[in-house]
Amino acid sequence: ELKVEQNPLFLSMQEGKNYTIYCNYSTTSDRLYWYRQDPGKSLESLFVLLSNGAVKQEGRLMASLDTKARLSTLHITAAVHDLSATYFCAALIQGAQKLVFGQGTRLTINP
Amino acid sequence: SQTIHQWPATLVQPVGSPLSLECTVEGTSNPNLYWYRQAAGRGLQLLFYSVGIGQISSEVPQNLSASRPQDRQFILSSKKLLLSDSGFYLCAWSVGQKNNQPQHFGDGTRLSIL
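Per-chain numbering applies: the sequence of each chain, read as written, is numbered from 1 onward. Each chain takes a letter, starting from A, and each ligand takes a number, starting from 1, following the order in which they are written. Per-residue local features of the predicted model are confined to residues with pLDDT of at least 70, and side-chain atom pairs are confined, for both listing and counting, to 80 or more; whole-chain, interface and lining totals are unaffected and use all residues. Hydrogens and water are ignored here; the side-chain numbers use all heavy atoms of the structure.

Visitor: Summarise the overall build of chain B; cite the residues concerned and give the values.
Guide: When helices and strands are counted, chain B shows zero helices and 11 strands. From first element to last, N terminus to C terminus, chain B shows the α and β order β-β-β-β-β-β-β-β-β-β-β. Taking 2.2 N^0.38 as the reference for a compact globule, 114 residues should give roughly 13 Å; the C-alpha atoms of chain B span a radius of gyration of 14 Å, in line with that estimate. Exposure classes here rest on a 1.4 Å probe applied to the protein chains alone. A residue is buried below 20% of its type maximum, exposed above 50%, and partly exposed in between. Sorting the 114 residues of chain B into buried and exposed places 47% on the buried side. Contacts are residue-level and defined by heavy atoms, with any inter-residue pair within 4.5 Å sufficient. Contacts spanning at least 24 positions in sequence make up 55% of the contacts within chain B whose residues lie at least 6 apart. Accessible surface, chain B as shown: approximately 5400 Å² in total, 51% of it carbon and sulfur. Helix and strand definitions follow DSSP, with helices as H or I runs of at least four residues and strands as E runs of at least two, each counted in order from the N terminus. Values of the radius of gyration come from C-alpha atoms, whereas the globule rule sets the reference at 2.2 Å times the count of residues to the power 0.38. Method for areas: the Shrake-Rupley scheme with a 1.4 Å probe, in which residue coverage is limited to the protein chains shown.

What follows is the structure, given as structure tokens:
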């Protein structure tokens with residue numbers, strides 16, 4: 001059974017700092033997705049990582065995937081308040097058309 | 001471009017009442033469709049998914065059911081709601097078998113059971 005665990009679950013940081021959110025998954029998966037959720041809102045897709053070693057960047061966010069370690073990371077560079085949100089990773093169940101989501105990381109960026 | 005519509009946005013229902021939530025997708029054919037529930041401050045729980053008309057996979061045994069009467073329509077139902085059915089219900093769609101694209105989510109329905 002595929003399980004996805006994120007850490008930390010809560011992260012409070014200051015503007016201008018760098019930090020990384022980790023996403024570990026328990027069994028083989030070759031698709032990893034990152035989403036953002038603002039309070040009271042739906043989920044917005046950030047990144048789709050399709051293969052081992054994949055790296056994608058958008059603004060101050062960069063995501064990477066290591067399928068051998070079963071680990072994906074979301075790195076935040078020089079954080080700004082607008083990045084405050086809950087971030088979810090999700091892994092694809094091999095051979096199925098469904099995802100397993102992590103618990104989410106609630107990120108608060110303080111001025 | 002593709003769009004997903006979910007309604008209603010907010011719903012307050014008494015315990016024991018029925019439920020019907022609807023989701024439609026525009027601009028694509030034969031999408032995979034999904035219903036998720038999110039409890040307050042928690043992650044997403046997959047309830048049902050469908051890869052075609054009339055094909056429904058149930059992930060969690062409970063008093064909810066789903067139907068897909070048309071290619072781009074997905075309905076979540078209950079005959080008698082429980083207090084534990086409260087939550088934020090999200091519909092999502094995706095295309096293709098290779099999963100190279102993300103699932104796209106609707107705006108959600110916030111359901112409160114009294």
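Okay, back to it.
Visitor: Go over the state of the cysteines with me, naming the residues and quoting the values.
Guide: Cysteine sulfurs are considered disulfide-paired once they come within 2.5 Å of each other. Tallied over the full model, the rule gives two disulfides over all chains. The disulfide partner of A:C23 is A:C89, and the S-S distance across this bridge is 2.0 Å. A torsion of 85° about the S-S bond marks the disulfide between A:C23 and A:C89 as right-handed. Of this pair, A:C23 sits in strand β3 (residues 19-25) while A:C89 sits in strand β9 (residues 85-92), and the two are 66 residues apart along the sequence. By the burial criterion, A:C23 is buried, and A:C89 matches it. In this model, B:C23 is linked to B:C91 through a disulfide, with the two sulfur atoms separated by 2.0 Å. Between B:C23 and B:C91, the S-S dihedral sits near -75°, and the bridge is therefore left-handed. Note that B:C23 is positioned in strand β3 (residues 19-26) and B:C91 in strand β9 (residues 87-94), a separation of 68 residues in sequence. Given the relative accessible area of 0%, B:C91 is considered buried.

Visitor: Before we move on, could you go through the layout of surface pockets and cite the residues and values that matter?
Guide: The method works on a 1 Å grid over the protein atoms by themselves. A cavity is a set of points holding a 1.4 Å probe that cannot get out, a pocket is an open set with protein on both sides within 12 Å along at least five of seven lines, and residues with an atom within 4 Å of a point line them. Grid points are joined across faces, edges and corners, and a volume is the space filled by probe spheres set on the points. Quantified by volume, the largest pocket comes out at close to 1100 Å³. Forming the boundary of the largest pocket are 46 residues, of which A:F88, A:Q103, B:R42, B:G43 and B:L44 lie nearest the centre. Within the residue set of the lining of the largest pocket, elements represented by two or more residues are β1 (4-7), β9, β10 (99-101) and β11 (105-110) of chain A together with β4 (32-38), β5 (44-52) and β9 of chain B. Among the elements that make up the lining of the largest pocket, the one with the highest residue count is β11(A) (four residues). Among the residues forming the lining of the largest pocket, the class breakdown is 19 nonpolar, 16 polar and 11 charged. Residues are grouped as follows: nonpolar covers Ala, Val, Leu, Ile, Met, Phe, Trp, Tyr, Cys and Pro; charged covers Asp, Glu, Lys and Arg; every other residue, Gly included, is treated as polar.

Visitor: Could you give an account of the interface of chain B and chain A, naming the residues involved and the relevant values?
Guide: If you look at the interface, chain B gives 26 residues, while chain A gives 21 residues. We define buried area as the total accessible area lost by two parts upon association, computed with a 1.4 Å probe and summed across both. Taken together, both faces of the contact between chain B and chain A bury some 1700 Å²; the carbon and sulfur share is 51%. A per-residue breakdown of the area chain B buries against chain A is headed by B:L44, B:N99 and B:F105, which together make up 27% of the total. Every case where a carboxyl oxygen of Asp or Glu lies within 4 Å of a side-chain nitrogen of Lys or Arg is listed as a salt bridge. Viewed at the interface, chain A and chain B are joined by one salt bridge. Polar contacts, as used here, are pairs of N or O atoms within 3.5 Å; protein pairs need one atom able to donate a hydrogen and one able to accept it. Residues neighboring in sequence count only if both atoms are side-chain atoms. Between chain B and chain A we count eight residue pairs in polar contact (both at pLDDT 80 or more) in total. Of all the secondary structure elements, the ones that give two or more residues to the side of chain B that touches chain A are β4, β5 and β9 of chain B. In the side of chain B that touches chain A, the residues fall into 10 nonpolar, 11 polar and five charged.

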